[in-house]
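Residue-level listing of the chains:
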Amino acid sequence: MEILYKSTRSNSEPVKASEAILKGLAKDGGLFVPTSLPKLSLSMEELSKMNYQETAYEVMKLFLTDFTEEELKHCINSAYDSKFDVEEIAPLAEAKGVYYLELFHGATIAFKDMALSILPHLLTTSAKKNNVKNEIVILTATSGDTGKAALAGFADVPGTKIIVFYPKNGVSPIQEKQMVTQKGSNTHVVGIHGNFDDAQTGVKKLFADEALAKEMDEKGFQFSSANSINIGRLVPQVVYYVYAYTRLLANGKLSEGEKMNVVVPTGNFGNILAAYYAKNMGVPIDKLVCASNDNKVLYDFFRTGTYDRNREFILTSSPSMDILISSNLERLIYKIAGEDSAANAERMDSLSRNGSYEITEEMKKELADFRGGYATEEETFAFIKELYEDCGYVTDTHTAVAGVVCEKYRKESKDKTKTIVASTASPYKFTRSVMKAIDPKYDSMTDFELVDELCRLSGVAVPKAIEEIRTAPVLHDTVCEKDEMKAVVKKFLGME
Ligand SMILES: *Cc1c(COP(=O)(O)O)cnc(C)c1O
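First, a word on what this report is: a plain description of the structure on this page. On a predicted model such as this, the values are computed, not experimentally measured, just so you know.

**Things to note about the overall build of the protein chain**
Working step 1: When you go through the protein chain residue by residue, the secondary structure sums to 22 helices and 15 strands.
Working step 2: For 496 residues, the compact-globule estimate of 2.2 N^0.38 gives 23 Å, and the protein chain sits close to it at 21 Å.
Working step 3: C-alpha extents for the protein chain along the principal axes are approximately 60 × 50 × 45 Å.
Working step 4: Across the 496 residues of the protein chain, 61% fall into the buried class.

Below you can see the structure in the form of structure tokens.
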């Protein structure tokens, strides 16, 4: 069955998967969603005999129906290879009765690698299929992890350039070092004076700037997006929820048909939306638990049915979740509103004008399988310490937020369903916060002393991604105001 992609904000003509991947965002500002969610064509039992790459093919072919088998397999095999430091690609680790789905074994040790190692291949394949002659300019706003993962994915990919904007004071020292040391003649990294939402809003504005698009086209460029709004990011993320279930099945931890819960540390709502898609495709998932940090817009939304971003933006130790506008939530809102694009466009307009919108009682009922939870900084640190002391397993701060929410949910609900927690970053990416949580005495050490100490404590080898930046020179030092983003882009493209 052919799957097309339509905008969440108008009834414009649906486009093919490759076109949706190239465009990133629909013309009307909406997000592309599949015209229907496909069902898995194989049973969980059959899928449990497949490795990660084979599972990826079975899942992704259902969404990317205009890709040939050869094209898609080539993309998958180019992405999920020795860049990952384990053969399983996304292994499960059991700690205190919960399964941590480790999504951080790729090139930049955060879960963004799961999608961003394949996106460049999906994108260049899409460009070829659609006879695009322009050079593709990837424009990305990052709260820390997307930026590096996108840079690593696109560095020196022919026919592409990549420009990454990050909040100058809103990412961890290791995250910043990872980005500003990025090699590749087609890469540009810019710090902005502002927070992640400022960066994301600025990027969205550039995408919507028709005059700029025209000017770029004349010079042989066109934008595309590597942000989690791109359907080419979302689809690869569905894979690991299928894979997690089939691993538990293969290992006898679950019996066929038995449900599992998933807990996802959430920012832009991409990862948990992928879990929701997996559930709709037939993976026996029961509850979808959305975990937030102190920026608990989503927790409040699931509780009240009102999305309200009018609040203080709080910098936490889980910066990739410091987000007040969760872009991918729009896809869920659209779906539970009966795919009513006019109603959705109104809500999104209200969000940009007033910073809030409400959903109806009927829509709330559609959210019955979602739960929202949040963890304070104190709870997050206490969780890291306790899990380490109880079983030697060290999680990063984002995963710890989900760990806290998971514990709270299980305690309050008495729900004993087997549970996976999406483990979204290596503790090595947030070493300072993690080590401080384990013992405040570590605060006096340098970043790389902490890395070595974490290695000693956890017995987990220092990942290559960290070793590489120990001595790497800074190659990017541009910093700008949020209203200078357009000028910066034009300068990089030599358009002035
Ligand atoms: C991006 C990110 C998240 C949030 O994922 P979303 O898909 O934006 O909800 C959580 N943890 C880490 C480490 C991340 O990099």
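**Things to note about the sheet that holds strand β5 (residues 135-141)**
Working step 1: In space, the five strands of this open sheet follow the order β8-β5-β6-β7-β15, with parallel pairing throughout. If you trace the sheet from one side to the other, it starts and ends with β8 (221-225) and β15 (478-481), each paired once. Between one strand axis and the next, the sheet turns by 30° as a mean value, whatever way the strands run.
Working step 2: Sheet topology places β5 next to β8; five bridges connect them, and they run parallel. The residue of β8 that forms the bridge with V137 is F223.
Working step 3: Strands in contact with helix α10 (residues 210-218) are β5 and β8; relative to β8, the strand with the most contacts, it is inclined by about 125°.
Working step 4: Contacting β5, β6 (160-167), β7 (187-193), β8 and β15, helix α22 (residues 485-492) runs over the sheet at an angle of about 150° to β6.

**Focus on the side chain of T424**
Working step 1: Counting through the fold element by element, T424 comes out in the loop between β14 (418-423) and α19 (431-438).
Working step 2: Under the relative-accessibility criterion, T424 is labelled buried at 7%.
Working step 3: Not counting residues within four places of it along the chain, the set of residues in contact with T424 comprises F104, A110, F111, P265, N271, D396, H398 and T399.

**Describing the nonpolar core**
Working step 1: Counting 110 residues, the largest nonpolar core has Y5, M60, F63, L64, Y241 and F269 as the members making the most contacts within it.
Working step 2: When residues of this core are assigned to their parent elements, the largest contribution, 13 residues, is made by helix α11 (residues 231-250).
Working step 3: Judged by nonpolar contacts, the second largest core, of 43 residues, contains A110, M321, L450 and A465.

**Considering the site of the ligand**
Working step 1: Lining the immediate surroundings of the ligand are 15 residues, of which K112, D145, G267, N268 and T424 lie closest.
Working step 2: N268 is positioned with one of its backbone polar atoms (N or O) 2.7 Å from an oxygen atom of the ligand.
Working step 3: Contact distances for the ligand include 3.0 Å between an oxygen atom and a backbone N or O atom of F269.
Working step 4: Burial of the ligand by the protein chains amounts to 97% of its free accessible area of 380 Å².
Working step 5: The pocket occupied by the ligand, as judged from atoms lying within 2 Å of grid points, is the largest cavity.

**Considerations on the layout of surface pockets**
Working step 1: Estimated volume of the largest pocket: approximately 1,200 Å³.
Working step 2: Secondary-structure elements contributing two or more residues to the lining of the largest pocket are α1 (17-23), α9 (196-208), α10, β8, α14 (329-336) and α15 (341-354).
Working step 3: Residue composition of the lining of the largest pocket, by class: 17 nonpolar, 10 polar and 13 charged.
Working step 4: Space inside the second largest pocket adds up to approximately 550 Å³.
Working step 5: For the second largest pocket, the lining is made up of 24 residues, of which A107, K148, A152, A465 and E468 are closest to its centre.
Working step 6: Going through the elements one at a time, α7 (145-154) and α21 (464-469) are the ones with two or more residues in the lining of the second largest pocket.
Working step 7: The element best represented in the lining of the second largest pocket is α21, accounting for four residues.
Working step 8: Here the residues of the lining of the second largest pocket are counted per class, giving 10 nonpolar, eight polar and six charged.

**Focus: the sheet that holds strand β3 (residues 92-95)**
Working step 1: Spatial strand order, β3-β4-β14-β9-β10-β13: six strands in an open sheet with mixed pairing. Edge positions in the open sheet fall to β3 and β13 (370-374), since each of these has one partner strand only. Between one strand axis and the next, the sheet turns through 25° on average, direction left out of account.
Working step 2: Here strand β10 (residues 285-292) runs beside β13; their pairing, made up of five bridges, is parallel. Note that in β13 the partner of C290 across the bridge is G372.
Working step 3: On the sheet, α11 packs against β3, β4 (98-102), β9 (260-265) and β14 and is oriented at approximately 135° with respect to β9.

**Comments concerning the pattern of salt bridges**
Working step 1: In total, this model carries 32 salt bridges according to the counting rule given.
Working step 2: Residues K482 and D198 are paired through a salt bridge, measuring 3.6 Å at the closest nitrogen-oxygen approach. Residue K482 is located in the loop between β15 and α22, and its partner D198 is located in helix α9; the two are separated by 284 residues in the primary sequence.
Working step 3: Overall, the relative accessible area of 46% leaves K482 in the partly exposed class.
Working step 4: For D198, a relative accessible area of 23% translates into the label partly exposed.
Working step 5: Measuring nitrogen to oxygen at the nearest pair gives 2.9 Å for the salt bridge that ties D300 to R311. Of this pair, D300 sits in helix α13 (residues 297-304) while R311 is found in the loop between β11 (306-308) and α14, placing the two residues 11 residues apart along the sequence.
Working step 6: Beyond isolated ion pairs, a larger network of salt bridges with shared partners links K296, D300, R303 and R311.

**What to know about unusual backbone geometry**
Working step 1: Residue I89 is not a glycine yet carries a positive backbone phi of 70°.
Working step 2: Here I89 shows up in the loop between α4 (69-79) and β3.
Working step 3: The phi dihedral of I109 falls on the positive side, at around 50°, and the residue is not glycine.
Working step 4: Along the chain, the position of I109 falls in the loop between β4 and α5 (112-116).
Working step 5: Since its relative accessible area comes to 3%, I109 is described here as buried.

**Description of the packing of helix α3 (residues 52-63) against α11**
Working step 1: Two elements in contact, α3 and α11, have axes separated by 9 Å at closest approach and are oriented at 130°. Compared by their axis directions, α3 and α11 come out oblique. Crossing angle aside, the handedness with which α3 passes α11 is right-handed. Here α3 contributes Y52, T55, A56, V59, M60 and F63 to the contact with α11, which in turn contributes V235, P236, V238, V239, Y240, V242, Y243 and R247.

Scoring rules and cut-offs
Residues numbered from 1 in each chain as written. Predicted model: local features only at pLDDT ≥ 70, side-chain atom pairs only at ≥ 80, totals over all residues. Heavy atoms only, no water. Helix = DSSP H or I, 4+ residues; strand = E, 2+ residues; numbered from the N terminus. Rg over C-alpha atoms; globule rule 2.2 N^0.38 Å. Buried < 20%, exposed > 50% of the residue type's maximum accessible area, 1.4 Å probe, protein only. Pairing = 2+ DSSP bridges. Axes fitted to C-alpha atoms, helices over the stretch in contact; angles between N-to-C directions. Contact = heavy atoms within 4.5 Å. Core = buried A, V, L, I, M, F, W, Y, C linked by side-chain atoms within 4.5 Å. Near = heavy atom within 4 Å. Polar contact = N/O pair within 3.5 Å; in protein donor to acceptor, adjacent residues only side chain to side chain. Areas by Shrake-Rupley, 256 points an atom, 1.4 Å probe, with all protein chains shown as cover. 1 Å grid on protein atoms, 1.4 Å probe; cavity = no way out; pocket = protein on both sides within 12 Å on 5 of 7 lines; lining within 4 Å. Sits in = over half its atoms within 2 Å of the grid points. Points joined across faces, edges and corners; volume = space filled by probe spheres on them. Nonpolar A, V, L, I, M, F, W, Y, C, P; charged D, E, K, R; others polar. Salt bridge = Lys/Arg side-chain N within 4 Å of Asp/Glu carboxyl O. Parallel < 35°, antiparallel > 145°, perpendicular 65-115°, else oblique. Left-handed = near helix turned anticlockwise from the far one by under 90°.

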